[in-house]
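Breakdown of the fold
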Amino acid sequence: MSLLDYLLPYDFSPLTVLSYMLVMGFYGVGLIRMPDQDRPGSLRIFAFTLGVLICYAVMQTRFDYYAQYMFFVHRGQHLILHHIGPILIALSNPLPVLRFWFEKIRPGWRRALRPLGWVYQVLQQPFIALFLFVGLIYFWLWPSIHFDAMLSRELYWVMNWSMLLDGLLFWWLIFDPRPPAITSSLGYGRRMLVLAAAGVLQMFLGAWIVFSRDMVYDVYEVCGRAWPLDPEVDQLLGGMLTYIPPAMMSILGILLMLRRAMHQDGKYTNQSKQLEETAS
Amino acid sequence: MRTRFWRQRTNIISATLTLIASLLLTGCFGNDEEDWNGKNISGLMPELEFDLINSQGKSVSGDDYSGRVRMLFFGFTSCPDVCPTALQKLNQVTSGLDPELQDEVLTLFVSVDPKRDTPERLAKYVDFFGDNIVGLTGKEPQLRELAKRYRTTFGYDEPDADGNYAVSHSSAIYVFDREGNPRLLMRPDLSGEEIRHDLAALIQEGS
């Protein structure tokens, strides 16, 4: 196989390619056109681009072929779509670019878009966000659902897109750069609680797969593997990818939140105190 | 104000969402109306369609065998165990059906090893497994396309000193009804009796 065969999609999805092109197009044009003082630094631009690119790569290159016919590659794909990609995108803080484009929208259109904002606010309630984030993993890994998702092309695409979109929502909620003391973003304590809960719940599932003696996901057995790997090894590797990296990412997230909380400790309370003093 | 509004409603919203989710889940996990031994794949896969050559070397498509219940099975003639066992079982299943039902079902054996499996070799191989079986093969891209359509794959091992190599392929039997709609996915560990029950139900359904 040539290099081109590895880079071209296994299962070409025009909608997916178009979505990625639009995201990168709007991001790039926004960067060029926005005022210099708002523009993110090169590290942030790099993080955003890398996050988008790895998500694209696992959906629309040869990687997707291996993800369809190997359980552990499939788990790697979801690790990128639901964790690593969205984490990079959220940490890159694309808010200035979003704000730049939002200001370009006509007021009439903005009013029409308002229901979208309400849906967003509901989805970003901590309990709902946690339920969706962990629930989706459990849902798609439920053995009978997983079997169907791997057999049906439509379900497979719904699965991957739902993982990516939910990953973006969840990690944006967690890594929202706006300080909760003065904005409506979620408080650091709650962010850490949500992360800890998500980590523990994912560890239960991962451990269950790792320590299962039977074949839990036999669709790969029935439909053939990409190469003749021992089914038990495949399941073990897949289980470990569900078990260890997500748990580590929850802990890293908690550490990042602790660092931010400590940095901002007293910053805004002192400010408000000063404001009160000058006012009196 | 706004945050309080949302906070007060969080409990209601999350309760509703949990309810919806559990309803959806029970819907998904509910039993099929019919008591199939195989896995019901109605609506999960596209209808039967292919562009291959048969064991007489003629090009054929899915329409050429329409009107019968069809069992699609991937394999290769040098296959040491999986294919002969499965084909033997399918032969026993069909010959165990009522005589008038026997001609209503057809096994499509697709060889994914076109390099070794010439039409002649394929013809000899499938004849061994009864009358209601057709051997099919094609060029590798045609076979890849068919495999992809039914969410499966195949691969070749490195040849040994004698040029023999193993081929990995799906072990499932895909069952299509008379109209070519995908209906059941049979795992090879089903017994002949279980397969026969499902086939008889499918044949009688359309007549």
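Below: a short report on this structure. Since the structure is predicted, the reported quantities are computational estimates derived from the model, not experimental observations. (Residues numbered from 1 in each chain as written. Chains lettered and ligands numbered in written order. Predicted model: local features only at pLDDT ≥ 70, side-chain atom pairs only at ≥ 80, totals over all residues. Heavy atoms only, no water.)

**A look at the pairing of strand E6 (residues 133-137) of chain B**
Residue and element names in this part refer to chain B. Among the 5 residues that make up E6, 5 are buried, leaving the element largely enclosed by the rest of the structure. Neither face of E6 is left uncovered, since the one carrying Ile 133, Gly 135 and Thr 137 and the one carrying Val 134 and Leu 136 both have all their residues buried. Examined bridge by bridge, strand E2 (residues 51-54) and E6 share 2 bridges and lie antiparallel to one another. Of the residues in E6, the one forming a bridge with Asn 54 is Leu 136. Pairing between strand E5 (residues 105-111) and E6: 4 bridges, direction parallel. Bridge pairing in E6 places Leu 108 opposite Val 134. (Buried < 20%, exposed > 50% of the residue type's maximum accessible area, 1.4 Å probe, protein only. Helix = DSSP H or I, 4+ residues; strand = E, 2+ residues; numbered from the N terminus. Pairing = 2+ DSSP bridges.)

**Side note on the state of the cysteines**
Residues and elements named next belong to chain B. Here the structure, examined in full by the defined rule, presents 1 disulfide over all chains. Paired by a disulfide, Cys 79 and Cys 83 hold their sulfur atoms 2.5 Å apart. Between Cys 79 and Cys 83, the S-S torsion sits near 85°, and that sign places the bridge as right-handed. Accessibility expressed as a relative area gives 6% for Cys 79, which makes it buried. Look at Cys 83 and you get buried, because its relative accessible area is 0%. (Disulfide = S-S within 2.5 Å.)

**Things to note about the side chain of A:Gln77**
Looking at the secondary structure, you find A:Gln77 in helix H5 (residues 71-91). Not counting chain neighbours up to four residues away, the residues in contact with A:Gln77 comprise A:Val58, A:Phe63, A:Asp64, A:Ala67, A:Tyr156 and A:Asn160. (Contact = heavy atoms within 4.5 Å.)

**Details of helix H2 (residues 14-33) of chain A**
Structural remark: α-helix, 3.6 residues per turn; residues separated by three or four positions point the same way. All names here are of chain A. With 20 residues, H2 should reach 28 Å at 1.5 Å per residue; the first-to-last C-alpha distance of 28 Å fits that figure. Turning to H2, its buried residues number three or more, namely Thr 16, Val 17, Tyr 20, Tyr 27, Gly 30 and Leu 31. Those residues of H2 that are buried are in contact with helix H3 (42-60), helix H6 (95-104) and helix H11 (153-175). (Expected span 1.5 Å × (residues − 1).)

**Overview of the packing of aromatic side chains**
In total, this model carries 29 aromatic pairs over all chains according to the counting rule given. Ring plane angle 75° and centroid distance 6.3 Å describe the contact between A:Tyr156 and A:Trp157, whose orientation is recorded as edge-to-face. Taken together, the aromatic side chains of A:Tyr10, A:Tyr65, A:Tyr66, A:Tyr69, A:Phe72 and A:Trp227 make up a single cluster linked through ring pairs. Over the ring of B:Phe154 we find B:Arg144, and its NZ or CZ is 4.0 Å from the ring centre. Stacked on the ring of A:Tyr156, the Lys or Arg B:Arg151 has its end atom at 5.1 Å from the ring centre. (Phe/Tyr/Trp six-rings, centres within 6.5 Å; stacked < 30°, edge-to-face > 60°. Lys NZ or Arg CZ within 6 Å of the ring centre and 35° of its normal.)

**Describing a nonpolar patch on the surface**
A cluster of nonpolar side chains, contributed by A:Val233, A:Leu236, A:Leu237, A:Met240, A:Ile244 and A:Met248, occupies part of the molecular surface with about 470 Å² of accessible area. The topology assignment puts A:Met248 in helix H14 (residues 231-264). (Patch = residues over 30% accessible without salt bridge, like charges linked within 9 Å, V, L, I, M, F, W, Y side chains within 5 Å. Areas by Shrake-Rupley, 256 points an atom, 1.4 Å probe, with all protein chains shown as cover. Salt bridge = Lys/Arg side-chain N within 4 Å of Asp/Glu carboxyl O.)

**Brief notes about the interface of chain B and chain A**
Opposite the 31 residues of chain B that make contact, chain A presents 33 residues. For the pair chain B and chain A, the summed buried area comes to about 2,700 Å², and 61% of that belongs to carbon and sulfur atoms. Counting every contact that joins chain B to chain A gives 3 salt bridges. The set of elements that each furnish at least two residues to the side of chain B that touches chain A consists of helix H1 (2-29) and helix H5 (140-149) of chain B. (Buried area = accessible area lost by both parts, 1.4 Å probe.)

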